[in-house]
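Overview (structure and organization)
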Amino acid sequence: MPPSESATRLPPGPDTAVTLGIDPETLETLTYLQREYGDMVGMTKPSGRLTYFINDPAEVRRILVRRHVRYQKGPGFERVKMLLGNGLIVSDGDAWRRSRTMIQPAFKVQNVHRLIGVMIGCSDRRAVAWAAAAERGDTVNITEETNEFALELILISIFGDDYENRFMKEGDNPFAFLSKDSTRDLSVVMKVRALRNLVLEIIEERRSRNEESLDFLSMYMRATDKNGEPFSDEELLDEVMTLVVAGFETSANTLNWVWYVISGHPDIEQSLIDEAGRWVPTVDAVTAENLTEMRYTQQVLEETLRLYPPVWLFTRRSIEEDELEQYDVPPGTDIYLSPYILHRSEHIWPNANDFDPDRFALVEGKPRKDRPYFPFSLGPRRCLGEYFSFLEMKVHLGLLLPRFRMQRVEDDDPGLELAINLRSKRDILLKPSVR
Ligand code: HEM
């Protein structure tokens, strides 16, 4: 038990202080604590701060949905803030509410549907590279490929024609390091700062041209709050940089794992190919309606996100008193929530470590809502890009899988790299052959 304040009711937990971060040791520690003490664990950190690890589905939901105003973002987000500024992912309170209201319309389904052509173009460019690799008998590094696919897609979605005119003209995409270098430390902070200057130039140039386009940057530039005020330049830059990073790493990592899983499950691979053949046999058939019909692909993606949720750990800090189960949550308590651990808890998901897309099959025509699952978080801070990401991943798989057989060249498990995002520890290499 942590040292208890007189009347505070605390969940069971270890007597000694526990160090937690966003790293592999933290996954081991939290897994051990859950096994030892159950789904509600109380502890203190070396700083003396009261900390809870919560794996109880109803309480996770309560924190993220009904009681979300009692919590703000917790430890770990200061690193993201250093990198991206105070954009949607890290902002809290009134600043977050204002930005979310201004940005949300850009993510309406009809706006996302306008990007299907860009998703097709980005998939086609991968097809050209893979066909060339197949011809040479080379392997492709699917980790790099999915990174490049998702980064190019989000950059074109944000910057429209400026992607080609400003970033690619000089030959070298200045954002490319984001997809090649997975570190997010101080050296990257400096490079990201340089990108902000470039984005500011584009913003100023667009203002002088007074042209309206339909990409995310233009929509963000036109957005106004309830007093009719637009974002300041600083706010706009924070939101654009947030969108670049939030919009590509997560989808890229999911696709990386999907390719890895498919290459080990020929039956699942065949069902995906059959479905793509039914709904997207040609590029012209890649429409929002047909993509919605690709239920099995959706199930495979959902199952991948269950086993490999890119945001494997979230944190919150209570700003008001709360009560969870029979325990008190004093203001200032750090809360750790882990989709990775919850999605792999045997008592919640039987045979949790098996990859089985049928878990997500519709029941009476509807998705099951009775099992705890939160790769995109829950409640008002739920991911804004969820629909965008499913669409991009379906286009990518629907167009590439029927064209290429991708074989594993290494038998060992690629392992987990547990940073802000859950990546594969080593890059995954696959050998393409044209079907
Ligand atoms: C498989 C893909 C993705 C996953 C698993 C994912 C997951 C998440 C999660 C868990 C959060 C909440 C984090 C927290 O509250 O602590 C989040 C927030 C967010 N995501 Fe995603 N994301 C994905 C793709 C995307 C894409 C493609 C975009 C943009 C195009 C995007 C934009 C955002 C934004 C703007 C937020 C902040 C929302 C807010 O706080 O109001 N995400 N995402």
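Here's a quick rundown of the structure. All of these numbers come straight from a predicted model, not from anything done at the bench.

1. Points about the overall build of the chain
- Scanning the chain from N- to C-terminus turns up 17 helices and twelve strands.
- Relative to the compact-globule value of 22 Å for 435 residues, the chain shows a C-alpha radius of gyration of 22 Å, a close match.
- By principal-axis analysis of the C-alpha atoms, the chain measures approximately 70 × 55 × 45 Å.
- Put simply, the chain has 435 residues, and 54% of those count as buried.

2. Regarding the packing of aromatic side chains
- The full count for this structure, using the stated rule, is 16 aromatic pairs.
- When the centroid spacing of 6.3 Å and the interplanar angle of 50 degrees are considered together, the rings of phenylalanine 216 and phenylalanine 388 count as tilted. Of the two residues, phenylalanine 216 sits in helix H11 (residues 216-222) while phenylalanine 388 sits in helix H17 (residues 386-400), which places them 172 residues apart along the sequence. As far as burial versus exposure is concerned, phenylalanine 216 and phenylalanine 388 are alike and both buried.
- Put simply, the rings of Phe107, Phe216, Tyr220 and Phe388 pair up and form one aromatic cluster.
- Taking NZ or CZ as reference, arginine 344 lies 5.5 Å from the ring centre of tyrosine 308, over its face.
- Sitting above the plane of the phenylalanine 360 ring, arginine 371 keeps its charged end 5.8 Å from the centroid.

3. Description of the state of the cysteines
- A full pass over the atoms with the stated rule returns zero disulfides.
- Cysteine 122 takes part in no disulfide bond, and the closest cysteine sulfur to it belongs to cysteine 383, at a distance of 18 Å.

4. Focus on the site of the ligand
- Near the ligand there are 29 residues, and of these Lys73, Trp96, Arg100, Arg316 and Cys383 occur at the shortest range.
- Contact distances for the ligand include 2.8 Å between an oxygen atom and a side-chain N or O atom of tryptophan 96.
- One of the side-chain N or O atoms of arginine 316 is found 2.8 Å from an oxygen atom in the ligand.
- At six residues, the largest contribution of residues to the shell around the ligand is made by helix H12 (residues 233-262).

5. Some details on H17
- The terminal C-alpha atoms of H17 lie 21 Å apart, and with 15 residues this matches the ideal 21 Å at 1.5 Å per residue to within 8%.
- Summarising burial for H17: 13 of the 15 residues are buried, a large majority.

6. Considerations on the nonpolar core
- Counting residues in each nonpolar core, the largest one holds 135 residues, and the members touching the most others are Phe159, Phe175 and Phe216.
- With 16 residues, the top contributor of residues to this core is H12.
- With residues up to four places along the chain from it excluded, the contact list for phenylalanine 159 reads Phe167, Phe175, Val199, Ile202, Arg206, Asp215, Leu217 and Val240.

7. Some words on the sheet that holds strand S1 (residues 40-44)
- Pairing is mixed across the open sheet formed by five strands, whose spatial order is S1-S2-S8-S5-S3. Strands with a single pairing partner mark the edges of an open sheet, and in this sheet they are S1 and strand S3 (71-73). The average angle at which neighbouring strand axes cross in this sheet is 30 degrees, direction not considered.
- Pairing analysis gives three bridges linking strand S2 (residues 50-54) to strand S8 (residues 334-337), with the strands arranged parallel. Across the sheet, residue tyrosine 52 finds its bridge partner in S8, namely isoleucine 335.
- Helix H1 (residues 24-37) contacts S1 and S2 of the sheet and is inclined by roughly 120 degrees relative to S1.
- Along the sheet, helix H2 (residues 57-66) makes contact with S1, S2, S3, strand S5 (314-318) and S8, crossing S8 at roughly 120 degrees.

Definitions and limits used
Residues numbered from 1 in each chain as written. Predicted model: local features only at pLDDT ≥ 70, side-chain atom pairs only at ≥ 80, totals over all residues. Heavy atoms only, no water. Helix = DSSP H or I, 4+ residues; strand = E, 2+ residues; numbered from the N terminus. Rg over C-alpha atoms; globule rule 2.2 N^0.38 Å. Buried < 20%, exposed > 50% of the residue type's maximum accessible area, 1.4 Å probe, protein only. Phe/Tyr/Trp six-rings, centres within 6.5 Å; stacked < 30°, edge-to-face > 60°. Lys NZ or Arg CZ within 6 Å of the ring centre and 35° of its normal. Disulfide = S-S within 2.5 Å. Near = heavy atom within 4 Å. Polar contact = N/O pair within 3.5 Å; in protein donor to acceptor, adjacent residues only side chain to side chain. Expected span 1.5 Å × (residues − 1). Core = buried A, V, L, I, M, F, W, Y, C linked by side-chain atoms within 4.5 Å. Contact = heavy atoms within 4.5 Å. Pairing = 2+ DSSP bridges. Axes fitted to C-alpha atoms, helices over the stretch in contact; angles between N-to-C directions.

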